[in-house]
Amino acid sequence: LSVGRNRKVKGYEFGVRAFAAIKKNWPRCPLKYVIIGKDTSKLHPLIRNMNLQGTVYTIPQMSRDDIVKSYSSAWCFLSPSLSEGLSLVSIEAIVCGLPLVVSDVPGNMDIVKDNGCGIIVKAKNPEETARKLIHLLEHPREYALYKSRAIERAPIYDWTAIADRYIQVYRE
């Protein structure tokens, strides 16, 4: 699952290309890629050209409740971004207990390094992204570890806890 408006900086093209590599090298792989967000339909020509209909799906912008349901039904979260600040969607994925597969850009890397809840791949490298997704699929213990770390770390991102930390800093 990836979530966010389709802009070049989000790197969704590289996520789609990763699934083309999966389809080529692991033709029986059960993974599907769902990209939710505004303008994701602009990826349809690439999806068709790579013959990924039935493997890669785009869904227009959804309500917050429906996005939460999507996180809850996903297997992992993929962020192939070319640039990222503090990624709110990655934090939302952690809160829903999803392991992360993210590109090696600041923001993405920080969340995975700080929380130990996923795998970092080189940006613009769909082949490596494909290998790491397959690695995660073939190593259920590692997957379970990342999932448990995501669930364990989620409370630090609760707005009440963040507000309490700010209040404590101001008091000091």
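Above this note sits the structure.
Since the structure is predicted, the reported quantities are computational estimates derived from the model, not experimental observations.

K.L.:
How do you make sense of helix α5 (residues 108–115) when you look at a structure like this?
P.N.:
Turn by turn, an α-helix covers 3.6 residues, leaving residues three or four places apart pointing in a common direction. All of the buried residues along α5 are N108, M109, I111, V112 and N115. Buried residues in α5, looked at end-on, bunch into an arc of 165°, giving them a common side. Residues of α5 that are exposed and point more than 90 degrees away from the buried face comprise K113 and D114. Looking at the buried residues of α5, the elements they touch are β4 (77–79), α4 (88–95), β5 (100–103), β6 (118–121) and α7 (140–153).

K.L.:
How should unusual backbone geometry be read in this particular structure?
P.N.:
Note: most peptide bonds trans; most residues except glycine with negative phi. The phi dihedral of D39 is positive, around 65°, even though this residue is not glycine. If you trace the backbone, D39 turns up in the loop between β2 (33–36) and α2 (44–49). Although it is not a glycine, K124 sits at a positive phi angle of roughly 60°. By the element assignment, K124 lies in the loop between β6 and α6 (126–138). The class of K124 is exposed, set by a relative accessible area of 55%.

K.L.:
Quick question: what am I supposed to make of the pattern of salt bridges here?
P.N.:
Side-chain pairs of opposite charge can arise where the charged atoms are in close proximity. Counted according to the given criterion, the structure contains 4 salt bridges. D39 is the salt-bridge partner of R5, the closest N and O atoms lying 3.8 Å from each other. Separated by 34 residues along the polypeptide, R5 in the loop between β1 (2–3) and α1 (12–25) and D39 in the loop between β2 and α2 bring together distant segments of the chain. Note on R5: relative accessible area 45%, which makes it partly exposed. When the shortest N-O distance is used, the salt bridge between R17 and E13 registers 2.9 Å. Placement of the pair is R17 and E13 together in helix α1, with a separation of 4 residues, close to one helical turn.

K.L.:
It is not clear to me how the packing of α4 against α5 should be interpreted in this structure. Could you clarify?
P.N.:
Pairs of packed helices are described in terms of their axes, by the angle between the two and the distance that separates them. Where α4 contacts α5, the axes come no closer than 9 Å and their chain directions differ by 30°. For the element pair α4 / α5, the angle class is roughly parallel. Crossing geometry of α4 relative to α5 is assigned as right-handed. Contacts between α4 and α5 involve S90, I91 and I94 from the first element and N108, I111 and N115 from the second. Partitioned by chemical class, the residues of the contact of α4 with α5 number 3 nonpolar, 3 polar and no charged.

K.L.:
What am I meant to see in the layout of surface pockets here?
P.N.:
One water molecule sets the probe size; rolling that probe over the atoms shows where empty space is left. Computed from the structure, the largest pocket encloses a volume of approximately 320 Å³. Lining the largest pocket are L86, L88, I91, E92, V95, Y157, D158, W159, I162, R165 and Y166. Taken together, the residues of the lining of the largest pocket break down into 8 nonpolar, no polar and 3 charged. Taken as a whole, the second largest pocket spans an internal volume of roughly 250 Å³. If you trace the second largest pocket, you find 16 residues lining it, with L1, K32, A74, W75 and C76 closest to the centre. When residues of the lining of the second largest pocket are traced back to their parent elements, those giving at least two are β2, α3 (64–73) and α6. Here the lining of the second largest pocket gets 3 residues from one element, more than from any other, and that element is β2. Its residues assigned to classes, the lining of the second largest pocket comprises 13 nonpolar, 2 polar and 1 charged.

K.L.:
Explain the pairing of β2 to me, please; I cannot follow it from the model alone.
P.N.:
In the case of a regular strand, side chains alternate between the two sheet surfaces. Here β1 runs beside β2; their pairing, made up of 2 bridges, is parallel. Across the sheet, residue V3 finds its bridge partner in β2, namely I36. Remark: the β1/α1/β2 crossover connection has right-handed handedness. For the handedness criterion, the β-α-β arrangement of β2, α2 and strand β3 (residues 56–59) is classed as right-handed.

The rules behind these values
Residues numbered from 1 in each chain as written. Predicted model: local features only at pLDDT ≥ 70, side-chain atom pairs only at ≥ 80, totals over all residues. Heavy atoms only, no water. Buried < 20%, exposed > 50% of the residue type's maximum accessible area, 1.4 Å probe, protein only. Helix = DSSP H or I, 4+ residues; strand = E, 2+ residues; numbered from the N terminus. Arc of directions from axis to C-beta. Contact = heavy atoms within 4.5 Å. Salt bridge = Lys/Arg side-chain N within 4 Å of Asp/Glu carboxyl O. Axes fitted to C-alpha atoms, helices over the stretch in contact; angles between N-to-C directions. Parallel < 35°, antiparallel > 145°, perpendicular 65-115°, else oblique. Left-handed = near helix turned anticlockwise from the far one by under 90°. Nonpolar A, V, L, I, M, F, W, Y, C, P; charged D, E, K, R; others polar. 1 Å grid on protein atoms, 1.4 Å probe; cavity = no way out; pocket = protein on both sides within 12 Å on 5 of 7 lines; lining within 4 Å. Points joined across faces, edges and corners; volume = space filled by probe spheres on them. Pairing = 2+ DSSP bridges. Right-handed = clockwise from strand over helix to strand, strands pointing away.

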